[in-house]
Amino acid sequence: MLAPLKTLAHECRAQHRGLGAFNVIHLENAEAIVRAAEQTELPVVLQISQNAVAFHRGQLEPLALATLWIARHSPARVGVHLDHAKDLDLIRRAIDLGFTSVMYDGSHLPDDQNRATTAQVAHWCHDAGITIEAELGEVGGKDGVHAPGVRTDPDDAARFVADTGVDLLAVAVGSSHAMTTRDATLDLELISRLAGAVPVPLVLHGSSGVSDEAMLAAIRAGMTKINVSTHLNKVYTDQARATLEAQPRLVDTRKWTGPANEAMSNEVARLLTHYQGLVVGVPA
């Protein structure tokens, strides 16, 4: 069933548990992720990024409508989220389609413009009864505010939330996008300070580069929504490659995407459980 991101995030925040948010690039990703949520009986967020829309020739509707159908017809609580959207028209389309949340990314803009536009998007979202996530900062390059070495100031973060009215805030605390190794060092003391200064749930982008142990520590320090994309792409691709290498004459795509989807689903189930602090031997 569709569930508001704000509700899911605040529940997890109150319980000091993490909320897994995983990127959907192909329809099969949504199926695999939701299957894991159903198996674990835990909430999940399906994320379609602006980059994924660009991959589908700029068409949001086909992937979005299918993802929304999967979410609505699942017994699990599922949020459907537009991620890292800079295109205001794309945000309008997502709102009209019934997304439960959007993440407006104005971090590339001058600070005043970012705050003003984020506040405008927050108004649209709240009028539609959906959740808005955003981030602050003005740093060049692909990774933006999540480039290595960048950190979010707690006082500035609190002012940004007050100025814009956002429901969740993505912060920079040591992770970076597109990491294929899991050795990022998070600033746990900064996470704790941010959690104390900011009245809304915190979001960690670039979580693929964070180890299991570091992620659990970050959640206990105050992180709530955990975004993962590259790590699952790696799990999927590694399994697809292994299947094709073992059976080089395969031509039916179902024969190698099936095991890859299963591997992804199994890893999502493991991560969902881990983020909730339910790992064997680890107290909740």
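Look up a bit, the structure's there.
Definitions and limits used
Residues numbered from 1 in each chain as written. Predicted model: local features only at pLDDT ≥ 70, side-chain atom pairs only at ≥ 80, totals over all residues. Heavy atoms only, no water. Pairing = 2+ DSSP bridges. Helix = DSSP H or I, 4+ residues; strand = E, 2+ residues; numbered from the N terminus. Axes fitted to C-alpha atoms, helices over the stretch in contact; angles between N-to-C directions. Contact = heavy atoms within 4.5 Å. Buried < 20%, exposed > 50% of the residue type's maximum accessible area, 1.4 Å probe, protein only. Right-handed = clockwise from strand over helix to strand, strands pointing away. Salt bridge = Lys/Arg side-chain N within 4 Å of Asp/Glu carboxyl O.

A. A look at the sheet that holds strand 7 (residues 202–204). Overall, parallel pairing links the 8 strands, which are arranged 1-2-3-4-5-6-7-8 in a closed barrel. Within the sheet, the average angular offset between the axes of one strand and its neighbour, ignoring direction, is 25°. For strand 3 (residues 78–85) and strand 4 (residues 101–104), the ladder comprises 3 bridges, and the chain directions are parallel. The residue bridging A85 from the neighbouring strand is Y104, located in strand 4. Along the sheet face, helix 11 (residues 253–275) touches strand 1 (19–23), strand 2 (44–49) and strand 8 (223–228) and points at about 150° away from the line of strand 1.

B. Spatial organisation of the pairing of strand 4. With burial as the criterion, each face of strand 4 is covered, one bearing S101 and M103 and the other bearing V102 and Y104. Chirality of the crossover, the property in question, places the unit of strand 3, helix 5 (residues 88–97) and strand 4 among those that are right-handed. Two elements, strand 4 and strand 5 (residues 131–135), share 4 bridges in a ladder whose sense is parallel. Directly across from Y104, in strand 5, lies its bridge partner A134. Handedness of the crossover is the feature at issue here: the chain leaves strand 4, passes through helix 6 (residues 111–128), returns alongside strand 5, and the resulting connection is right-handed.

C. View of unusual backbone geometry. Its identity is not glycine, yet E41 carries a phi of approximately 60°, on the positive side. You can see E41 is positioned in the loop between helix 2 (27–40) and strand 2. The backbone phi angle of H84 is positive, close to 50°, even though this residue is not glycine. You can see H84 is positioned in strand 3.

D. View of the pattern of salt bridges. Under the criterion given, the structure shown has 15 salt bridges. With a closest N to O distance of 2.6 Å, R115 and D156 form a salt bridge. With R115 in helix 6 and D156 in helix 7 (residues 154–164), this pair connects stretches of sequence that are 41 residues apart. By relative accessible area, R115 is classed as buried at 11%. Between R241 and D238 there is a salt bridge; the shortest N-O distance is 3.6 Å.

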